[in-house]
Amino acid sequence: MLTKLSLAGIKNRFKDYLVLLTGLIISAAVFYMFANLATNREFVKSNTQISMASQVFIFGMILLILITIVYIAYANSFLLSMRQHDYGLFMMLGAKKNRIGELVFIETLLIGVISTIVGIVLGIGMSMGLSQILFNQLGLTVHHFNALYWPAIVTTICLYVGLFLLSGIFNLAKLVRTPVLKLLHIDDEVYLSKRRPLVQLTEIVAGILLLAIGYVAMAKIMTLQLLAVPLALVTITLGSYLLFSAVIVGAVELLKQTNFANKKLHNFTLAQIMFRVRSYTRILTIVSLLFALALGAISVGAGFQRQAPQMAKSTSAYTMAINDMDKKEHNLVSQLNDTHTLTYSQKIVDNTVYYNEQEFVDHPLPMLDSRQALNDGSLKTLPISQFKKVALDDMDFTGLVPKNGQQKSEFATQSNFENLNRATTHTVTIIRLNNILAQRKILDRLEKLQQQRFPAPTMATVGGFQTYKMFNALFSGLEFMGFFLGFAFLAMLASCLMFKILSGANKDIVRYNMLNRIGTRRALMKQAVRGEILTLFALPGILGIVDVLFGLQMFKPLMYHPYAMTGWSILIFCVLYGVYYGITTLIYERLVIPKEQMNA
Amino acid sequence: MQKTPVVSVSGLHKIYGRKNERQYEALKGIDFTIDEGEFVGIMGASGSGKTTLLNLLSTLDTPTSGSVEVNGQDITGFKGKALSDFRSEEIGFIFQDFNLLESLTAKENIALPLSLQGVKKAEISKAVKEVATTLSIENLLSKYPTELSGGQKQRVAAARAIVHRPAIIMGDEPTGALDSKSARDLLDLMTDINKNQHVSVLLVTHDPFSASFCDRILFIQDGQIGQELKKADNNRQTFYQEILNQLGTFEQ
Ligand SMILES: Nc1ncnc2c1ncn2[C@@H]1O[C@H](COP(=O)(O)OP(=O)(O)OP(=O)(O)O)[C@@H](O)[C@H]1O
Ligand SMILES: [Mg+2]
């Protein structure tokens, strides 16, 4: 009987359950996608070659688990808020507490199991889709990636079912312990938050100070080393929290004084925001941090990828050296735009390659200004006397030999060079071009032709193009992970926020119903919903972007232009975040805005 | 002088339930008018159709057939903006459960209908102060509903119902949740508003004491108006007695 009643309750609120299930399914799907990468050792190993990467993933995984816990806690409170009134009523009518507890437990677990399973299926689909997009659109090369990966499935199931078991126990305890009357009236409680201006001012100052400390810590990562990250995390978290709680209240109070408040439903919206600040401060803080992490991951990943051509320029004075250019190769070279070419003669005797000094006087071979990391790739030409001294130790020069053996390089005066007997004569052509990325297809063909004729004994790399290819492969992995991390975090944080907002809908139904009764236009009510939710979405978004702008300072020692891709990633991010905002408002409007007339 | 009717209802039917479902006819042809400045009560047993009638008059629900005119306009066809604008401009509601927004102060609650109409801040302040003085709730204005007693809440709700000078105030058992002292205060207040500000009032109640404050009472029975009782020159006590007698005859 009780089971029947409880099922009827679910049926009545089917829409709400749909929201709950959808949210949980998306969360499970995202977690699966992430676990898929993080638990795939082969993938991490083969795509990064950086020992840090697996740590990054473990760190990301821990974060994601924490978010998932928060997320499920919110989802569970949404569930509980839907059900406690019903169950309170059953108890009032004499149902045994233990029986109710049992029902709640089963219901919670069932929802968990269903959403986990569907979520994993969706996650597999999403992994396929996203990886396809990344591979095809961005031309990334990634190895050992499987959309369907068993360890990830097991991890996801363990975490989710475990968490739902806990939630079930929690719900059981909560319902059994709370007095029946309180269960029936739990929705009526209202919190008033009145604050003293002095406290508020202190909060703002302390918040800004803490944020500043965090930002400085990130910028000074070279001096602070590893300490910078935890320091920044703690100070930024606290700072955001204080700032949110003080600034929102302050801003709302200020706005309430203005004419703005008296127009339309503005006062109502402001009051709504004010009333929710306390319960929202925590989630807004979390969301802003996650937003920053996600956006940061994408920016950094994309930034690294984009710097491959730059790195190519900074590691070599030329893009490619072509030995004994033949007709085919000549054709290809002439297709290249914006190139400098230089050709030198070589004579090989035994194991030594001789160069005509005079040719280097007439057409000096440029050298890198500096061989330090992160140099800007600028070049210099040396007078011949100096050039001869350094060239023999310079990779760019020694690498010009035909690649079929261990050869030494030597300079010879013009006459000596001409008089070399028993020598085979060769040429080497150096091409330097500005835009490697755009012409990489031609360069690829050139390289293939060269490798066929002069198979290199080792993967000894000469020329920027080789470097470009190596870093491109390396950074593809990073970018892929950056995107993956970024999207996983974004999806999670936005879902968290969505749930938190949706779980407030119950109380708002009454409010909007009242507004409808006294003749508020639907358009105005929609505006109110959008305004309120926009505030809740925009605030952490803005702080998150600020966090990222400062946070990228940490990558200055590692990257040429940490900010190069920031604009784009912010744009992409805002679009996706905006989609979440749109979905949340749509669902919310459906939940709370009543029909104008009862049976319309 | 012939008074113009504020509300005129004719041939009003309401059938609940869709065509192929189980149907129930809650109103079976109702005709009446309310004149400007009149205080009309609607009484009837539980389930007789009082709330249904009020919902139709206030456009919260649509009739199956028949017409409702307020200030000469047929309101049964209203949709969308016209509907909400009608509600916010012509009608003042007082509900049994107060229906105040607990996130707004009393003052902000009262100001709401004016904000909806786009009235200027200064004018809103003035109007709110005025009603607050009339209802002697000036000292409650900055409080939130949770800080108010039931009676105080209902006063605030009444202030919100009249602040925009509607054509008619409607109340569905507004005294239902109040103790007798607060109920009486509210009824006095409504009489006062009715007499001094010439706002028509339509009060739904099943409590004879509340009904005795009205000028005229319509008795609904099974979806039809059965009896009509006028106070005329009687004082309230005699009218109360008359109502009790009338209710007595129903019971036999
Ligand atoms: N939405 C609805 N669907 C179907 N029947 C309804 C609906 N609302 C009311 N009724 C029926 O219409 C009749 C009149 O209901 P109404 O709410 O108008 O009564 P009332 O006079 O206000 O009663 P009370 O004094 O108890 O408030 C009742 O028999 C009720 O069951
Ligand atoms: Mg009723």
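Note that the coordinates shown come from a computational prediction; the quantities given were computed from them, not determined experimentally.

**Overview of the overall build of chain B**
Here is step 1: A count of helical and extended segments in chain B gives eight helices and 10 strands.
Here is step 2: Rg of the C-alpha trace for chain B: 18 Å, near the compact-globule value of 18 Å for 252 residues, within the 12% margin.
Here is step 3: Expressed as a percentage of its 252 residues, the buried residues of chain B come to 53%.
Here is step 4: Within chain B, counting contacts between residues at least 6 apart in sequence, those at least 24 apart form 69% of the total.
Here is step 5: Here chain B displays about 11,200 Å² of accessible surface, and carbon together with sulfur accounts for 46% of that area.
Here is step 6: Across chain B, 27 positive and 32 negative side-chain charges occur, with their mean positions spaced 4 Å apart.

**Describing helix α2 (residues 14-38) of chain A**
In an α-helix, one turn spans 3.6 residues, which is why side chains three or four residues apart end up on the same side.
Here is step 1: Under the 1.5 Å per step criterion, the end-to-end length of α2(A) is 35 Å for 25 residues, consistent within 8% with the ideal 36 Å.
Here is step 2: Of all the 25 residues making up α2(A), 18 are buried; the element is thus mostly covered by neighbouring parts of the structure.

**Concerning the UniProt feature "domain: ABC transporter" (unreviewed entry) in chain B**
Here is step 1: UniProt annotation of "domain: ABC transporter" (unreviewed entry) refers to residues 7-247 of chain B when read in the numbering used here.
Here is step 2: Note that residues 7-247 of chain B is 38% helix and 27% strand, and that its end C-alpha atoms are spaced 26 Å apart.

**So, the site of ligand 1**
Residues and elements named next belong to chain B.
Here is step 1: All residues in the neighbourhood of ligand 1 are listed as Tyr 16, Tyr 24, Ala 26, Ala 45, Ser 46, Gly 47, Ser 48, Gly 49, Lys 50, Thr 51, Thr 52 and His 206.
Here is step 2: In the environment of ligand 1, an oxygen atom lies 2.5 Å from a nitrogen or oxygen atom belonging to the side chain of Thr 52.
Here is step 3: Coverage of ligand 1 by the protein amounts to 58% of the 630 Å² it exposes when considered alone.
Here is step 4: Within the residue set of the shell around ligand 1, elements represented by two or more residues are β2 (24-35) and α1 (50-57).
Here is step 5: A total of three residues in the shell around ligand 1 trace back to one element, the largest contributor, which is α1.
Here is step 6: For the shell around ligand 1, a count of residues per class yields four nonpolar, seven polar and one charged.

**Some remarks on a positive patch on the surface**
Here is step 1: On the surface, Lys15(A), Arg590(A), Lys595(A) and Arg18(B) cluster together into a positively charged patch.
Here is step 2: Residue placement: Arg590(A) occurs in helix α22 (residues 566-592).

**Describing the interface of chain A and chain B**
Here is step 1: Taken residue by residue, the interface counts 30 residues in chain A and 32 residues in chain B.
Here is step 2: Both sides together, the interface formed by chain A and chain B hides about 3,100 Å², and carbon and sulfur atoms give 55% of it.
Here is step 3: Taken together, the links from chain A to chain B amount to two salt bridges.
Here is step 4: The partner of Asp85(B) in a salt bridge is Arg521(A), with the nearest N and O atoms 2.5 Å apart.
Here is step 5: Along the contact surface separating chain A from chain B lie three residue pairs in polar contact (both at pLDDT 80 or more).
Here is step 6: Counting residues per element, the ones that place at least two in the side of chain A that touches chain B are α10 (228-257), α11 (266-306) and α20 (505-517) of chain A.
Here is step 7: In terms of residue class, the side of chain A that touches chain B is made up of 11 nonpolar, 11 polar and eight charged.

**Focus: the confidence of the model for chain B**
Here is step 1: Mean pLDDT for chain B: 85, with 98% of residues reaching 70 or above.
Here is step 2: Of all helices and strands in chain B, the one with the weakest mean pLDDT is helix α8 (residues 236-251) of chain B (81), whereas strand β8 (residues 200-204) of chain B scores best (91).

**Structural notes on the sheet that holds strand β1 (residues 320-323) of chain A**
Residues and elements named next belong to chain A.
Here is step 1: The strand order across the open sheet built from five strands is β1-β7-β2-β3-β6, with neighbouring strands paired in mixed fashion. The open sheet is flanked by β1 and β6 (408-412), the only strands paired with a single partner. On average, each strand axis in the sheet is tilted by 35° relative to the strand beside it, whichever way the strands run.
Here is step 2: Examined bridge by bridge, strand β2 (residues 339-349) and strand β7 (residues 424-433) share 10 bridges and lie antiparallel to one another. What sits directly across from His 340, in β7, is Arg 432.
Here is step 3: Packed on one face of the sheet, helix α18 (residues 440-453) meets β1 and β7 and runs near 40° to β1.

**Focus on the side chain of Thr156(A)**
Residues and elements named next belong to chain A.
Here is step 1: Note on placement: Thr 156 falls in helix α6 (residues 150-177).
Here is step 2: Residue Thr 156 is classed as buried on the basis of its relative accessible area, which comes to 0%.
Here is step 3: A polar atom in the side chain of Thr 156 sits 2.7 Å from the backbone oxygen of Ala 152.
Here is step 4: Thr 156 has contacts with Ala 28, Phe 31, Tyr 32, Ala 35, Thr 116 and Ile 120, leaving out every residue within four places of it along the chain.

**As for the pattern of salt bridges**
All names here are of chain B.
Here is step 1: Counted under the stated rule, the structure contains 13 salt bridges over all chains.
Here is step 2: The salt bridge partner of Lys 14 is Asp 61, with a shortest N-O separation of 3.4 Å. Of this pair, Lys 14 sits in strand β1 (residues 5-16) while Asp 61 sits in the loop between α1 and β4 (65-70), placing them 47 residues apart in sequence.
Here is step 3: We classify Lys 14 as buried; its relative accessible area is 1%.
Here is step 4: Here Arg 184 ties to Asp 188 by a salt bridge, and the two come within 3.7 Å at their closest N and O atoms. One end of the pair is Arg 184 and the other is Asp 188, both in helix α6 (residues 180-197) and four residues apart, which spans about a single turn.
Here is step 5: In this structure Arg 184 comes out as partly exposed when scored by relative accessible area, which is 36%.

**Here we look at unusual backbone geometry**
In terms of backbone geometry, most residues other than glycine have negative phi values and most peptide bonds are trans.
All names here are of chain B.
Here is step 1: Of note in this structure, Glu 173 is not a glycine but carries a positive phi near 50°.
Here is step 2: Counting through the fold element by element, Glu 173 comes out in the loop between β7 (168-172) and α6.
Here is step 3: Of note in the backbone geometry, His 198 takes a positive phi value of approximately 55° without being a glycine.
Here is step 4: Mapped onto the elements, His 198 comes out in the loop between α6 and β8.
Here is step 5: By relative accessible area, which is 56% here, His 198 ends up exposed.

**Section: the packing of helix α3 (residues 106-116) of chain B against helix α5 (residues 150-162) of chain B**
Residues and elements named next belong to chain B.
Here is step 1: Relative orientation of the contacting elements α3 and α5 amounts to 25°, with a least axis distance of 7 Å. By the criterion of interaxial angle, the relationship of α3 to α5 is roughly parallel. Here α3 and α5 pass one another in a crossing that is right-handed. Together, Ala 106, Asn 109, Ile 110 and Pro 113 of α3 and Val 156, Ala 159 and Arg 160 of α5 make up the contact between the two elements.
Here is step 2: Taken together, the residues of the contact of α3 with α5 sort by class into five nonpolar, one polar and one charged.

**A closer look at the nonpolar core**
Here is step 1: In terms of nonpolar packing, the biggest core is built from 144 residues, with Leu20(A), Leu265(A), Leu443(A), Leu446(A), Tyr512(A) and Leu515(A) touching the most fellow members.
Here is step 2: Of the residues forming this core, the biggest block, 25 residues, is contributed by helix α19 (residues 464-502) of chain A.
Here is step 3: Once residues lying within four places of it in the same chain are set aside, the contact partners of Leu20(A) are Ala75(A), Phe78(A), Leu79(A), Met82(A), Ile111(A) and Phe499(A).
Here is step 4: Of all hydrophobic cores here, the second largest spans 44 residues; its members include Leu135(B), Ala183(B), Ala211(B) and Phe213(B).

**A short note on the side chain of Thr269(A)**
Residue and element names in this part refer to chain A.
Here is step 1: Take Thr 269: it is sitting in helix α11.
Here is step 2: Judged by relative accessible area, which is 11%, Thr 269 ranks as buried.
Here is step 3: Those residues in contact with Thr 269, other than ones at most four positions away along the chain, are Ala 528, Gly 531 and Glu 532.

**Points about the sheet that holds strand β10 (residues 224-230) of chain B**
All names here are of chain B.
Here is step 1: Spatial ordering of the open sheet is given by β6-β7-β8-β3-β9-β10, a layout of six strands whose pairing is mixed. The open sheet has two edge strands with one neighbour each: β6 (91-95) and β10. Taken over all neighbouring pairs, the strand axes of this sheet differ in orientation by 20° on average, direction set aside.
Here is step 2: Two elements, strand β9 (residues 216-221) and β10, share six bridges in a ladder whose sense is antiparallel. Counterpart to Ile 217 in the pairing with β10 is Leu 229.
Here is step 3: Running over the sheet, α6 touches β3 (39-44), β6, β7 and β8 and is turned about 150° from β8.

The rules behind each value
Residues numbered from 1 in each chain as written. Chains lettered and ligands numbered in written order. Predicted model: local features only at pLDDT ≥ 70, side-chain atom pairs only at ≥ 80, totals over all residues. Heavy atoms only, no water. Helix = DSSP H or I, 4+ residues; strand = E, 2+ residues; numbered from the N terminus. Rg over C-alpha atoms; globule rule 2.2 N^0.38 Å. Buried < 20%, exposed > 50% of the residue type's maximum accessible area, 1.4 Å probe, protein only. Contact = heavy atoms within 4.5 Å. Areas by Shrake-Rupley, 256 points an atom, 1.4 Å probe, with all protein chains shown as cover. Lys, Arg positive; Asp, Glu negative; His and termini not counted. Charge placed at Lys NZ, Arg CZ, Asp CG, Glu CD. Expected span 1.5 Å × (residues − 1). UniProt positions renumbered as here; feature names shortened; annotations may be inferred. Near = heavy atom within 4 Å. Polar contact = N/O pair within 3.5 Å; in protein donor to acceptor, adjacent residues only side chain to side chain. Nonpolar A, V, L, I, M, F, W, Y, C, P; charged D, E, K, R; others polar. Patch = residues over 30% accessible without salt bridge, like charges linked within 9 Å, V, L, I, M, F, W, Y side chains within 5 Å. Salt bridge = Lys/Arg side-chain N within 4 Å of Asp/Glu carboxyl O. Buried area = accessible area lost by both parts, 1.4 Å probe. pLDDT = per-residue confidence, 0-100. Pairing = 2+ DSSP bridges. Axes fitted to C-alpha atoms, helices over the stretch in contact; angles between N-to-C directions. Parallel < 35°, antiparallel > 145°, perpendicular 65-115°, else oblique. Left-handed = near helix turned anticlockwise from the far one by under 90°. Core = buried A, V, L, I, M, F, W, Y, C linked by side-chain atoms within 4.5 Å.

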